[in-house]
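Summary of structural features
Here are the chains, one letter per residue:
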Amino acid sequence: MLRVLIFLCVVLLVGHAVSGAEDFRAGVAKADLDPPLGIPMSGYGARKGISQGVLDPVQARVIALSDGQRTIALATLDLVFPFDDPEIQKIRGAARAKGVDEVIVHSSHTHSGPTYSASPEGLSKAVSRVEEAIASAASRMTPVRIGTGWGVTFIGFNRRYVLPNGDARMFWRNEPRISSTFPVDPTIGVIRFDRTDGRPLAVLVNYACHPVVLGPDNLNYSADYPSEMRNTIEQGLGGEVMAFFLQGAPGDINPYLDKTPLLEDAVAQMKRTGQKIGEATLRVARDIQTKAPASARIQSKTAVVPAVSRWDVDKLRAMLGDRYKLDPVRAARLVRESMDLPVTTLLLNHELAFMTMPGEPFVEYQMQWRARCPLPNCYFLGYTNGAFGYFPTIAAAVRGGYGANSTATQVEVGSGERMLNIGLISLYELMGKLSPKPAGGAPN
Amino acid sequence: MRPLALLLLLFPTLPAAETGLRAGVSRIDITPPVGHPMGGYGNRKTGATGTHDPLYATVLVLDSGETSIALVTCDLRSFVSTRVGELAREKYGVGATVISVSHTHSGPLTWELRSPWYTEAEDKMIAAIGEARRAMFPAELAFASGQVYLGFNRRKVTNGRATMWWRNAEKLPSHPVDPTVNTLTVRDASGKTRAVLVNYACHPSVLGPDNLEYSADYPGAMKRYVESQASGAVCLFIQGGAGDINPYRDKQPVKLDGFGAVNEMGAELGKQVMVTVARAKPVPAAPLKVSSEIVKVSNRWHPEQEIPIGLTAGAMGEGICFMAVPGEPFVELQMTFREKAECGAAMLFGYSYSAGGGWAGYLPTIIGAVEGGYGADYNTNVAVGAGEMLIDRGVAHLFKLRGLLKDLPDSRF
């Protein structure tokens, strides 16, 4: 079999004069996507009913950042996955018309959001609201100071239990909070933006845990625990601050109180989970000393990593109806023979690095990213710019389990490793550490 | 204690016939004529003036019934040929052929030149495969690994930038190095050792550009030592991920007893091989499985160009795994491979051509490419990340060969 690795790269670099501190600006905005009631919700195959109400509004929260020459917007959505590619391109087009050069579309992976394929009108409204929020955030940009901090909290566990024979079994809920699951990453990455007068403008929180405290019996829209996390942070810091949740790589990480039945006070448990990470974040965020960046610079690079299907597509197609009972949307995704996976690397002010994957990466990828990233402040965003199912590590794919060797995995084994490597290579390129020309050196 | 280990203790030597594995070995002299241009150093002015020790192709064929493989291990710097594998299949029914070179820097230029000798060498390799094939015997394998420090990492990294230090006669510590010596012993039905395959990572560049005589460098000396100690056995050497590993006494001038240094290093490695072989454990009998693919990576300096790289992976149950890549992997890649393959014994065969495509040249790690240095940010052509990707592809092949990665999803989830 011939395999092709093409680094199809879109480098978004602009010739750049040295920017001063006052050139680093940020603006925030949020919008209620206001999805229609009475449509199917997303996240659980086992959910029977349609949406009946709103527990907390389904939002888009946008932060726009500018170095004086280039503006980028990070749109975080309370959805199970980002919009499909046509909508993402539409949003980017609208943003460019408003002077925003690039938009990163990220979703929290809440399992209590709408299924937009069931409502074209709802989708159209949501896309417009996101476009408005991006424009609004960009129009409100103001000089900011930036600072970072790191915290730890345990709200989740690794839901794949590896038996002594090497096979994985699923272990969805861990109410007794057995702490010996592995691997788990309790790290909270916190980034604080302050206005020049010191008032906090935005707090970004990067953490990896499925937002699934609310289960399939819940028929009210909710962002799940990230919503309460944001409330906790905003109330704790007071004033006009907006909190953002950036989902990491929780492809194998569930909250201890997974799918809590409504009859067991699921809403309160969801809030408690959000408060726990919110309070852990506040302890860090309060201590962060923000400062103007030494030099403002926004750089990014998106590489497209080609991947073929993990499965024997012909065999699988013939068996979709009986052996695998899948809805048509999931079935169609599963039998794609090849996919282009966008991987974006963002470098802020030469100091903060972000990489994204378009699906559900297992937690080891974010741990490896931080370990291999050459900067002290490195953040990992899953569920970004696309949705191509789970990205298990090679070893996890071998051991099996949900997302590792189930129908929720679409791309070939090794795709996650390749994306991670390419995210890292892009970062080194943005840092100017990989020249496109060979160095001169004495031959052996 | 796991059941498998218990079984091994109870039946330390399974009768060879029950494994279904057959092996054959052969050796042929492939030394080029005097005057042939040499490879390894750019600054040699003339062709070879003579032969210090002959260059051989030493062949091990393994056949477990459905699958067979020929490991053609050569005292050469590099070698690219699809013809050898094609004819081995046609004439002798060999499923897969790996042409592995030790990377001696005192051999001829090969595929770059395509001299008449090159075609003769191909013919001789094919003949040697035929000879090994005709002399097959029921066999069992045993494996052990040991450690010996004979090389150092020639890239000195300071403040994130590498500078080269080619020689380290003082044996100062360096990083990373992998002292692992893998030994695979082939025994016949009577329990007699017929072949010892040695896999170790270090450039065979004890002899420098001043040497104009053909020599297999330290791997040749190691083979002579092992064969003198294990009479009747043939020793084969397969180079590992030596892309950044030099011998302590690199380029020891001939006038300063360069050949003595070669013999000393060969004997040191050979002694460790013998100690290791003495405690080798039988590899549980399992069918040999092999798969290959051509991975295309882009050219690092001309991204619009593709470089096809053929890789071959092979496994015998969970006991033995290997993968072959036709280039010079940095040593961390062999360490990563061993960790990721999750095999009883995982060996990276560097400098090993097998499945079509070209010679990949240096395969640095990503961080190596960033730090720079020889083979890292010059004298390398593959896209950054190609080394990691090849290893991951090989690991995935090995899991598939072992039946641990299915082509359909598990329907329980």
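Along each chain, residues carry numbers from 1 onward, in the same order as the chain's sequence is written. Note on labels: chains are lettered from A, ligands numbered from 1, in written order. Reporting of local features is limited, given that this is a predicted model, to residues whose pLDDT is at least 70; pairs of side-chain atoms are given and counted only at 80 or more, and all residues count toward the totals for whole chains, interfaces and linings.

In this section: the overall build of chain A. The way it works is that DSSP assigns letters per residue, a run of H or I at least four long becomes a helix, a run of E at least two long becomes a strand, and they are numbered from the N terminus. Counting its regular elements, chain A contains 9 helices and 24 strands. It is over C-alpha atoms that the radius of gyration is taken, and the globule rule equals 2.2 Å times the number of residues to the power 0.38. Here the C-alpha atoms of chain A give a radius of gyration of 21 Å, agreeing with the 22 Å that 2.2 N^0.38 yields for 444 residues. Taking the principal axes of the C-alpha coordinates as reference, chain A spans close to 65 × 60 × 45 Å. Burial is judged by counting other C-beta atoms within 10 Å of a residue's own C-beta: 20 or more means buried, 12 or fewer means exposed, and anything between counts as partly exposed, with every C-beta placed from the backbone. Out of the 444 residues in chain A, the part that is buried amounts to 55%. Distance between backbone-placed C-beta atoms decides contact: two residues are in contact if it is within 7 Å. Once local pairs closer than 6 in sequence are excluded, the contacts in chain A between residues at least 24 apart make up 83%.

Attention shifts here to the overall build of chain B. Helix and strand counts for chain B stand at 9 helices and 24 strands. By the compact-globule yardstick of 22 Å for 413 residues, chain B fits well, its C-alpha radius of gyration being 20 Å. A principal-axis box enclosing the C-alpha atoms of chain B has dimensions of 55 × 50 × 40 Å. Residue burial in chain B is summarised as follows: out of 413 residues, 59% are buried. Looking at chain B alone, contacts between residues at least 24 apart form 80% of all its contacts between residues at least 6 apart.

Along its 13 residues, helix 5 (residues 217-229) of chain B runs 19 Å from first to last C-alpha, staying within 8% of the 18 Å computed at 1.5 Å per residue. Within helix 5 of chain B, the full set of buried residues consists of B:Asp217, B:Tyr218, B:Pro219, B:Gly220, B:Ala221, B:Met222, B:Lys223, B:Tyr225 and B:Val226. Given the number of residues in a helix, its expected span is that number minus one, multiplied by 1.5 Å.

Attention now goes to the interface of chain A and chain B. Counting residues at the interface gives 44 residues for chain A, matched by 39 residues for chain B. Secondary-structure elements contributing two or more residues to the side of chain A that touches chain B are strand 1 (2-4), helix 5 (313-319), helix 8 (394-399) and helix 9 (415-430) of chain A. Looking at the side of chain A that touches chain B element by element, the count peaks at 7 residues for helix 9 of chain A. We call Asp, Glu, Lys and Arg charged. Ala, Val, Leu, Ile, Met, Phe, Trp, Tyr, Cys and Pro are nonpolar, and the rest, Gly among them, are polar. Grouping the constituent residues of the side of chain A that touches chain B by class yields 24 nonpolar, 12 polar and 8 charged.

In a packed pair of helices, the relevant descriptors are the angle between the two axes and the axis-to-axis distance. All names here are of chain B. For helices, the fitted axis covers only the stretch in contact; all axes are lines through C-alpha atoms, and the angles between them, taken along N-to-C directions, range from 0 to 180 degrees. Interhelical geometry of helix 3 (residues 83-92) versus helix 4 (residues 116-134) gives an angle of 35° and a closest axis separation of 9 Å. Note that helix 3 runs across helix 4; the crossing there is right-handed. Residue-level contacts link Arg-83, Val-84, Leu-87, Ala-88, Lys-91 and Tyr-92 of helix 3 to Glu-122, Met-125, Ile-126, Ile-129, Gly-130 and Arg-133 of helix 4. Broken down by class, the residue content of the contact of helix 3 with helix 4 amounts to 7 nonpolar, 1 polar and 4 charged. Crossings are assigned a handedness: left-handed for a near helix turned anticlockwise from the far helix by less than a right angle, right-handed for a clockwise turn.

Residue and element names in this part refer to chain A. Here 8 strands make up an open sheet; going across it, the order is 8-7-6-3-10-14-15-17 and the pairing mixed. Unpaired on one side and paired on the other, strand 8 (102-107) and strand 17 (242-247) mark the two borders of the sheet. For this sheet, the mean angle separating the axes of adjacent strands, direction not counted, is 25°. Strand pairing follows a simple DSSP-based rule, namely that at least 2 bridges must link the two strands. Examined bridge by bridge, strand 7 (residues 71-77) and strand 8 share 6 bridges and lie parallel to one another. Residue pairing across strands places Leu-77 opposite Ser-107, the latter belonging to strand 8. With respect to the sheet, helix 4 (residues 266-287) is in contact with strand 10 (142-152), strand 14 (187-195) and strand 15 (200-207), its orientation differing from that of strand 10 by roughly 125°.

Glancing now at the nonpolar core. Grouped together as the largest cluster of nonpolar side chains are 255 residues, with contacts concentrated most on A:Val62, A:Ala73 and A:Ile134. Apart from residues lying up to four places away in sequence, A:Val62 is in contact with A:Val28, A:Ala29, A:Ala73, A:Leu74, A:Ala75, A:Ala133, A:Ile134 and A:Ala137. Buried Ala, Val, Leu, Ile, Met, Phe, Trp, Tyr and Cys residues form a nonpolar core when they are connected through C-beta atoms within 7 Å.

Looking now at the environment of A:Val313. All names here are of chain A. Looking at the secondary structure, you find Val-313 in helix 5. Placed 22 residues apart in sequence, Val-313 and Val-335 show a C-alpha to C-alpha distance of 5.4 Å. In this structure, Val-313 is in contact with Val-335 and Glu-337, ignoring residues within four places of it in sequence.

All names here are of chain B. Across 2 bridges, the pairing between strand 1 (residues 22-29) and strand 8 (residues 137-147) is antiparallel. Each residue of the ladder has a partner; that of Ala-23, found in strand 8, is Phe-137. Pairing of strand 8 with strand 17 (residues 281-282), which is carried by 2 bridges, proceeds in the antiparallel orientation. Counterpart to Ala-142 in the pairing with strand 17 is Pro-282.

When you line up the elements, A:Ala138 lands in helix 2 (residues 120-139). Here the alpha-carbon distance between A:Ala138 and A:Trp150, two residues 12 residues apart in the chain, equals 27 Å.

What follows covers the packing of helix 3 (residues 225-237) of chain A against helix 4 of chain A. All names here are of chain A. Across the interface, helix 3 lies against helix 4 with an axial gap of 7 Å and an inter-helix angle of 40°. Put simply, helix 3 runs oblique to helix 4. You can see that helix 3 and helix 4 cross each other, and the crossing is right-handed. Contacts between helix 3 and helix 4 involve Tyr-225, Pro-226, Ser-227, Glu-228, Met-229, Thr-232, Ile-233, Gly-236 and Leu-237 on the former and, on the latter, Met-270, Lys-271, Thr-273, Gly-274, Gln-275, Ile-277, Gly-278, Glu-279, Thr-281, Leu-282 and Ala-285. Note that the term roughly parallel is reserved for angles under 35 degrees, roughly antiparallel for angles over 145, roughly perpendicular for angles of 65 to 115, and oblique for everything else.

What follows is about unusual backbone geometry. A cis geometry characterises the amide bond from A:Phe182 onward to A:Pro183, with omega recorded as -15°. Here the residue pair B:His175 and B:Pro176 is connected by a cis peptide bond, since its omega of -10° sits within 30 degrees of zero. Inspection of the secondary structure assignment puts B:Pro176 in the loop between strand 11 (161-164) and strand 12 (180-188). The phi dihedral of A:His109 is positive, around 75°, even though this residue is not glycine. Here A:His109 lies in the loop between strand 8 and strand 9 (113-114). A positive phi angle, close to 55°, is found at B:Tyr351, a residue other than glycine. The exposure class assigned to B:Tyr351 is buried, which follows from the 29 C-beta atoms found within 10 Å.

So, about the confidence of the model for chain A. Summing up the model confidence of chain A, the mean pLDDT is 93 and the portion of residues at 70 or higher is 94%. On a scale of 0 to 100, pLDDT captures the predictor's confidence in every residue. Per-residue pLDDT stays below 50 along residues 1-17 of chain A; that stretch engages in 35 contacts with residues further than four places along the chain or on separate chains.

Residues and elements named next belong to chain A. Two strands pair when backbone bridges link them, and strand 3 (residues 25-32) and strand 6 (residues 59-66) are joined in this way by 8 bridges, in the antiparallel orientation. Bridge pairing in strand 6 places Ala-31 opposite Ala-60. Relative to strand 10, strand 3 is paired through 2 bridges, and the arrangement is antiparallel. From the neighbouring strand, Arg-25 faces strand 10, where its bridge partner is Pro-143.

Another aspect to go through is the environment of A:Ala31. Residue and element names in this part refer to chain A. Within the fold, Ala-31 resides in strand 3. A C-alpha to C-alpha distance of 8.6 Å links Ala-31 and Val-62, two positions 31 residues apart in sequence. In this structure, Ala-31 is in contact with Gln-59, Ala-60, Arg-129, Val-130, Glu-132 and Ala-133, ignoring residues within four places of it in sequence.

Quick look at helix 9 of chain A now. Residues and elements named next belong to chain A. Look at helix 9: 22 Å from first C-alpha to last across 16 residues, which is about the 22 Å you get at 1.5 Å a residue. Of all 16 residues in helix 9, 15 are buried, a share of seventy percent or more. Two residues or fewer after helix 9 comes Gly-432, characterised by a positive phi angle close to 75°.

Attention now moves to the confidence of the model for chain B. All names here are of chain B. Averaged over all residues, the pLDDT of chain B is 94; the fraction at 70 or higher stands at 95%. Low pLDDT, under 50, characterises residues 1-18; the stretch is placed with 19 contacts to residues that sit more than four places away or in other chains. Across the interface, the model reports ipTM at 0.90; the global pTM reads 0.93.

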